[in-house]
Amino acid sequence: MAMSASASLSKAVKQQYMELPQGDKVQAMYIWIDGTGEGLRCKTRTLDSEPKSIEDLPEWNFDGSSTYQSEGSNSDMYLIPAAMFRDPFRKDPNKLVLCEVLKYNRKPAETNLRITCQKVMEMVEDQHPWFGMEQEYTILGTDGHPFGWPSNGFPGPQGPYYCGVGADKAYGRDIVEAHYRACLYAGVQICGTNAEVMPAQWEFQVGPCEGINMGDHLWVARFILHRVCEDFGVVASFDPKPIPGNWNGAGCHTNFSTKEMREDGGLKAIEDSIEKLGKRHSYHIRAYDPKGGLDNARRLTGHHETSNINEFSAGVANRGASIRIPRNVGQEKKGYFEDRRPSANCDPYGVTEALIRTCLLSEEGDEPADY
Amino acid sequence: MATSASSKLNKAIKQQYMDLPQGDKVQAMYIWIDGTGEGLRCKTRTLDCEPKTIEDLPEWNFDGSSTYQSEGSNSDMYLIPAAMFRDPFRKDPNKLVLCEVLKYNRKPAETNLRQTCKQVMSMVENNHPWFGMEQEYTLLGTDGHPFGWPSNGFPGPQGPYYCGVGADKAYGRDIVESHYRACLYAGVQICGTNAEVMPAQWEFQVGPCEGINMGDHLWVARFILHRVCEDFGVVVSFDPKPISGNWNGAGCHTNFSTKEMRDDGGLKVIEESIERLSKRHRYHIRAYDPKGGLDNARRLTGHHETSNIDEFSAGVANRGASIRIPRSVGQEKKGYFEDRRPSANCDPYSVTEAMVRTCLLKEEGEEPTDYSK
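As recorded in an unreviewed UniProt entry, chain B goes by Glutamine synthetase and comes from Stegastes partitus. The UniProt entry for chain B carries the following text under Catalytic activity (unreviewed entry): "L-glutamate + NH4(+) + ATP = L-glutamine + ADP + phosphate + H(+)".

Under the annotation held in an unreviewed UniProt entry, chain A carries the name Glutamine synthetase and is attributed to Stegastes partitus. Comment text from UniProt for chain A, heading Catalytic activity (unreviewed entry), reads "L-glutamate + NH4(+) + ATP = L-glutamine + ADP + phosphate + H(+)". Turning to chain A, the UniProt record has this under Sequence similarities (unreviewed entry): "Belongs to the glutamine synthetase family."

Structural data, given as structure tokens:
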């Protein structure tokens, strides 16, 4: 089985070291998004006491020429702490610190989509926008083949795996269980998990989160997943179509509501939003994966419970549409709706910002407004 | 040996993660029966505090087009919590929640046999119907071959394996032991285990359970067995005849009694029930496996301690009959009887409902009575 060499290192030996007391010193692991817009990086610093809030964490910097973010001749980039969580790997009092990246001139790095997302979220604070994102992913061996699949072939066709149980149905549940507990410990708003349609594919859901928290919590949940898989010696892939052919892709369905939509009669506000989204399909497609739609083009075919990338559609309980209105929302005439277009490797700051701009700031046309 | 890749993941690492405190949050794993009527599915949600009773658990929904239960264009189906158990995998305060499935229009899904079973059971509450079901199953490797069997052949013929001990007799006892403890922890009414006649075949018994509890406890016991086997990297099969030829099949013998049968002189009531069952053989055969009798046709041959599927028979201490009256019951003139016809992959709601309809509600003929009219 293609598991990493690291996975064979003695964990008992490691545990002995991890049990050593650390006095008053605290380890803070700074996490950021690299130049690909999908990859995560991290490095750690010692602090002299436990940070109680984000303001206790100092700015830092790193070598952007090693992360596809700058040239070697002018490579310093800034890390600005944005959100702090408990560290489920090193445990209390140590922290995970999600950061924004600024260029040498203190302008946002190209893949720092958080800064505009936060501005947009502040503009609509009073509407209390809530999000829930359903993160799908595939577990791979270090050979790049899906975990548990026969090494030179394929498992039986899709059908029995979704929410399945049993060694012939569920591949890699240990990772899912470990990730769930790690997220709960860290303070990430993880609200569920399930096995997905393709074997070795899983999903976890994060939410409900208001405003900027959605992006923060989802990025940290992804980081935790990468670290958990690293410990087990396997790899998590957020590629939207890891295996071509009659195998499901991986998305990040995004559920959205405002206070108005959640209140009686909110269905009208939902329908108005869907109307606006229907007129701005290509702007959203560009925002829904890190390659302006090219990644999603491999996934959104109209088959395998996806809509076709070239068409916008909406429907109650319809998993083949771009937007799905849950059946109970249609009945209660209030609630939320689900945008099924975002790719598994989307930037949640980019996705949530686009939804706000179109639905709440009523923007139109192909470009975002510059406020 | 054909064990899964997942079973080779480092369990010490997993244990470190599972030891992390979870604060006030609780994980509830919702379990349901899929469109096959045999398969189980599950997914988990986080709750903000520990549910104390079933009423504390919210309704949920799922994508029925991925479980052979609906079309993609109208795929939402509802999960209605029905019975709650402690979670032996994630441990307290986390829960396993067995659910009923409703279609988009809130009518029961095709394989939701619990709903009518519950209605029927509530009609006969005063009879206090007790059930005990003997669940047989076979352990397989991920290659589909029975666990422990030579990879390209067969073990020695049946004889030494039933209740056997020793590495050449008992294949996979670790699974049985783990499952037993997990069921006890969860609150499932497991009352025994034994190795069965075919090597790699085992049996556990659940009961006595009154009314609807029989189906609930047996389905959760089956789920726990699937999860335990998944952890060990093997597969459990409830197929009624996994290996053709001179190898035992797998059944789910169902023991049944009412308060009247358990009281002095109850043997008369037992005999009356058997009389009614003898007149409704085909209706019961249809209810005793998920394919209306087709699965059982491979098992109920009249050989290997089964009755023939085409004939009804009953007898004291007779394992070749459809109904067996235990010898002690014949002597004490009260107790219970054993229906040996149900298949290992039967739906216990369907089996227990059929027994109550025929024996207590005194129905006749090929179709169940519709009491809603």
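After that view, the rundown keeps rolling.
A.B. asks: Just give me the short version of the sheet that holds strand β2 (residues 40-47) of chain A, but keep the residues and values in it.
C.D. replies: All names here are of chain A. Overall, mixed pairing links the five strands, which are arranged β2-β1-β5-β4-β3 in an open sheet. The sheet is open, and its two edges are formed by β2 and β3 (60-63), each paired on a single side. Each neighbouring strand pair of the sheet contributes to a mean axis angle of 40°, computed without reference to strand direction. Sheet topology places β3 next to strand β4 (residues 76-86); four bridges connect them, and they run antiparallel. When the sheet's bridge partners are listed, N61 is paired in β4 with Y78.

A.B. asks: An account of the domain arrangement of chain B is needed here, citing residue identities and associated values.
C.D. replies: Frequently, the measure chosen for interface size is the accessible area removed from exposure when the parts meet. Residues and elements named next belong to chain B. In terms of domains, chain B is made up of domain 1 (23-110) and domain 2 (121-360). In this structure, domain 1 and domain 2 have C-alpha centres spaced 26 Å apart. With 18 residues of domain 1 at the contact, the number on the domain 2 side is 22 residues. Both faces considered, domain 1 and domain 2 share a buried interface measuring about 1,700 Å² in area, 74% of it formed by carbon and sulfur atoms. Sorting the residues of domain 1 by area buried against domain 2 places E38, F85 and F89 first, and these three jointly supply 37% of that buried surface. Viewed at the interface, domain 2 and domain 1 are joined by one salt bridge. The closest approach of N and O atoms between K291 and E38, which form a salt bridge, is 3.3 Å. There are five residue pairs in polar contact (both at pLDDT 80 or more) connecting domain 1 and domain 2. Counting residues per element, the ones that place at least two in the side of domain 1 that touches domain 2 are β1 (26-33), β2 (40-47), β4 (76-86) and β5 (95-102). Among the residues forming the side of domain 1 that touches domain 2, the class breakdown is 11 nonpolar, two polar and five charged.

A.B. asks: Go over a negative patch on the surface with me, naming the residues and quoting the values.
C.D. replies: On the surface, a cluster of negative charge is contributed by E122(A), E125(A), D126(A) and E210(A). Looking at the secondary structure, you find E125(A) in the loop between α2 (114-123) and β6 (130-140).

A.B. asks: An account of helix α4 (residues 213-232) of chain B is requested, with residue identities and associated values reported.
C.D. replies: Residue and element names in this part refer to chain B. With 20 residues, α4 extends 28 Å from end C-alpha to end C-alpha; this agrees with the ideal 28 Å at 1.5 Å per step. Taking burial as the measure, the 20 residues of α4 include 17 buried ones, the bulk of the element. In the stretch just after α4, G233 is the one whose phi turns positive, near 85°.

A.B. asks: Provide a residue-level description of the packing of aromatic side chains, including the pertinent values.
C.D. replies: One pass over the full model with this rule turns up 22 aromatic pairs over all chains. Ring plane angle 15° and centroid distance 6.2 Å describe the contact between F154(A) and W247(A), whose orientation is recorded as stacked. Highlighted residues: F154(A) in the loop between β6 and α3 (173-186) and W247(A) in the loop between β9 (235-237) and β10 (252-257), separated in sequence by 93 residues. Judged by its relative accessible area of 54%, F154(A) falls in the exposed class. Summarising the aromatic geometry, the rings of Y161(A) and Y171(A) are spaced 6.4 Å apart at their centres and angled 65° between planes, so their arrangement reads as edge-to-face. With Y161(A) in the loop between β6 and α3 and Y171(A) in the loop between β6 and α3, this residue pair connects regions lying 10 residues apart in the sequence. Its relative accessible area of 11% is what places Y171(A) among the buried residues. Put simply, the rings of F89(A), F232(A) and Y17(B) pair up and form one aromatic cluster. For R262(B), the ring lying beneath its charged end belongs to W130(B), and the centroid distance is 3.7 Å. For the cation-ring pair, R280(B) lies above Y283(B), with the distance from its terminal atom to the ring centre recorded as 3.8 Å.

A.B. asks: Which residues make up the domain arrangement of chain A, and what values go with them?
C.D. replies: Residues and elements named next belong to chain A. By domain assignment, chain A separates into domain 1 (23-110) and domain 2 (121-360). The interface of domain 1 with domain 2 comprises 18 residues on the first partner and 21 residues on the second. The contact between domain 1 and domain 2 buries some 1,700 Å² in all, and 75% of this surface belongs to carbon and sulfur atoms. At the boundary of domain 1 with domain 2, the tally comes to one salt bridge. When the shortest N-O distance is used, the salt bridge between K291 and E38 registers 3.3 Å. Linking domain 1 with domain 2 are five residue pairs in polar contact (both at pLDDT 80 or more), by the criterion used here. Of all elements in the fold, only β1 (26-33), β2, β4 and β5 (95-102) reach the threshold of two or more residues within the side of domain 1 that touches domain 2.

Rules used throughout
Residues numbered from 1 in each chain as written. Chains lettered and ligands numbered in written order. Predicted model: local features only at pLDDT ≥ 70, side-chain atom pairs only at ≥ 80, totals over all residues. Heavy atoms only, no water. UniProt positions renumbered as here; feature names shortened; annotations may be inferred. Pairing = 2+ DSSP bridges. Helix = DSSP H or I, 4+ residues; strand = E, 2+ residues; numbered from the N terminus. Axes fitted to C-alpha atoms, helices over the stretch in contact; angles between N-to-C directions. Domains from an automatic or database assignment. Contact = heavy atoms within 4.5 Å. Buried area = accessible area lost by both parts, 1.4 Å probe. Salt bridge = Lys/Arg side-chain N within 4 Å of Asp/Glu carboxyl O. Polar contact = N/O pair within 3.5 Å; in protein donor to acceptor, adjacent residues only side chain to side chain. Nonpolar A, V, L, I, M, F, W, Y, C, P; charged D, E, K, R; others polar. Patch = residues over 30% accessible without salt bridge, like charges linked within 9 Å, V, L, I, M, F, W, Y side chains within 5 Å. Areas by Shrake-Rupley, 256 points an atom, 1.4 Å probe, with all protein chains shown as cover. Lys, Arg positive; Asp, Glu negative; His and termini not counted. Charge placed at Lys NZ, Arg CZ, Asp CG, Glu CD. Expected span 1.5 Å × (residues − 1). Buried < 20%, exposed > 50% of the residue type's maximum accessible area, 1.4 Å probe, protein only. Phe/Tyr/Trp six-rings, centres within 6.5 Å; stacked < 30°, edge-to-face > 60°. Lys NZ or Arg CZ within 6 Å of the ring centre and 35° of its normal.

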